[in-house]
Amino acid sequence: TTLSRLQPIALTASSDQLSAALVARLRSAGTRAVIGFGDRPLGFAPAVVFDQTALTRVAMTHLAGRGHRSVLGLMPSDPAYQWFRVGRQAGAEEAAVEHGVGLTIVESSLDHDQVAALVGAALADASPPDAILAYNDDYALLALRALLEAGVRVPDDIAVIGCDDLPVAELFTPHLTTIDVDMRELGTSIADTLHQILSTGTGPDIIPMPTPVVIVRDSA
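Keep in mind the model is a prediction, meaning the values are calculated, not measured. (Residues numbered from 1 in each chain as written. Predicted model: local features only at pLDDT ≥ 70, side-chain atom pairs only at ≥ 80, totals over all residues. Heavy atoms only, no water.)

**Here's the deal with the pattern of salt bridges**
So, point 1. One pass over the full model with this rule turns up eight salt bridges.
So, point 2. Here Asp165 makes a salt bridge to Arg217, at a shortest N to O gap of 3.0 Å. Of the two residues, Asp165 is situated in the loop between strand E7 (159-161) and strand E8 (178-180) and Arg217 in the segment after strand E10 (213-215); the sequence distance between them amounts to 52 residues.
So, point 3. When salt bridges with common partners are traced through the structure, they connect Asp51, Arg57 and Glu94 into a single cluster. (Salt bridge = Lys/Arg side-chain N within 4 Å of Asp/Glu carboxyl O. Helix = DSSP H or I, 4+ residues; strand = E, 2+ residues; numbered from the N terminus.)

**A few points about helix H3 (residues 52-65)**
Structural remark: α-helix, 3.6 residues per turn; residues separated by three or four positions point the same way.
So, point 1. For H3, with 14 residues, the first-to-last C-alpha span of 21 Å sits near the 20 Å given by 1.5 Å per residue.
So, point 2. When you tally the buried positions in H3, you get ten out of 14 residues, the bulk of the element.
So, point 3. Among the residues of H3, those classed as buried are Gln52, Thr53, Ala54, Leu55, Thr56, Ala59, Met60, His62, Leu63 and Ala64.
So, point 4. Looking one or two residues beyond H3, the residue adopting positive phi is Gly67, at roughly 95 degrees. (Expected span 1.5 Å × (residues − 1). Buried < 20%, exposed > 50% of the residue type's maximum accessible area, 1.4 Å probe, protein only.)

**Some remarks on helix H2 (residues 20-28)**
So, point 1. Among the residues making up H2, those that are buried are Leu22, Val23 and Leu26. Looking down the long axis of H2, one finds its buried residues gathered within 100 degrees of arc, a one-sided arrangement. Exposed residues pointing more than 90 degrees away from the buried face of H2 are listed as Arg25 and Ser28.
So, point 2. Among the residues trailing H2, Gly30 stands out with phi positive, at a value near 110 degrees. (Arc of directions from axis to C-beta.)

**Section: the sheet that holds E7**
So, point 1. Pairing within the open sheet is parallel, and its four strands lie in the order E5-E4-E6-E7. One side of each edge strand has no neighbouring strand; the edge strands of this open sheet are strand E5 (102-108) and E7. If you compare each strand with its neighbour and ignore which way they point, the axes differ by 20 degrees on average.
So, point 2. Note: strand E4 (residues 70-76) against E5, seven bridges, orientation parallel. From the neighbouring strand, Leu74 faces E5, where its bridge partner is Val106.
So, point 3. Most of the contacts of H3 go to strand E6 (residues 131-134), to which it runs at about 170 degrees, and overall it touches E4, E6 and E7. (Pairing = 2+ DSSP bridges. Axes fitted to C-alpha atoms, helices over the stretch in contact; angles between N-to-C directions. Contact = heavy atoms within 4.5 Å.)

**Brief notes about the packing of aromatic side chains**
The description of an aromatic ring pair uses the distance of the two centres, along with the angle that the planes make with each other.
So, point 1. The final tally for this structure, using the stated rule, is four aromatic pairs.
So, point 2. A centroid spacing of 6.3 Å and a plane angle of 20 degrees characterise the contact between Phe37 and Phe50, whose relative ring orientation is stacked. One end of the pair, Phe37, is in strand E2 (residues 33-38); the other, Phe50, is in the loop between strand E3 (47-49) and H3, and 13 residues separate them in sequence.
So, point 3. Overall, Phe37 belongs to the partly exposed group, its relative accessible area being 25%. (Phe/Tyr/Trp six-rings, centres within 6.5 Å; stacked < 30°, edge-to-face > 60°.)

**Considerations on the layout of surface pockets**
So, point 1. The space that makes up the largest pocket amounts to roughly 150 Å³.
So, point 2. Looking at the largest pocket, the residues that line it are Ser14, Ser15, Asp16, Phe37, Gly38, Asp39, Arg40, Leu42 and Trp83.
So, point 3. A class-by-class count of the residues in the lining of the largest pocket yields three nonpolar, three polar and three charged. (1 Å grid on protein atoms, 1.4 Å probe; cavity = no way out; pocket = protein on both sides within 12 Å on 5 of 7 lines; lining within 4 Å. Points joined across faces, edges and corners; volume = space filled by probe spheres on them. Nonpolar A, V, L, I, M, F, W, Y, C, P; charged D, E, K, R; others polar.)

**Examining the environment of Asp111**
So, point 1. Position of Asp111 relative to the elements: it lies in the loop between E5 and helix H5 (112-124).
So, point 2. Taking the relative accessible area as the measure of exposure, Asp111 reaches 30% and is therefore partly exposed.
So, point 3. For Asp111, the side chain forms a polar contact with the main-chain nitrogen of Asp113, separated by 3.1 Å. (Polar contact = N/O pair within 3.5 Å; in protein donor to acceptor, adjacent residues only side chain to side chain.)

Below, the structure written as structure tokens:
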């Protein structure tokens, strides 16, 4: 195999590609450090654990702190995003209950017309939302565009918050408020863990994701 030819001293991989048997074989072949990336601990190797619920809990807490009480949660319909969606939707739902905020989940493909139709339906409701929490910044910007095209003032009438702090988030007007995870900090933690394992033979079971933070701009 490619791995046997390369004989790496360290390996990082998606957790769903790793098994206890594979890690044992890698170690017996000389790979001294194996780190997985997933949504839960592995048990048989260190893992970077991405808690997707944390991002939307932080987003909902921010909206609640700004006085918003009715939130439209915009989630992707594409099954390719399911792994991320499950956690992010669960985090939003948990935080909504905690803060006494009404949350309505809708789903769409990443398509302007579909998102605009959902936003239009929400605006036409007898009790329209006062904020939109989007799965990520791409969806948030489509929602923001739909609101502006409908003549809605953002954030005065409806606030919008995204996730992931994509570069485009601060290029749109109004600038998009979003949630960020410090990937530089995470990279340093991974490098430190690899160094620790290679130096001592031991390391932590979990490398936690840095705490998500709100990047406050103009939209929420």
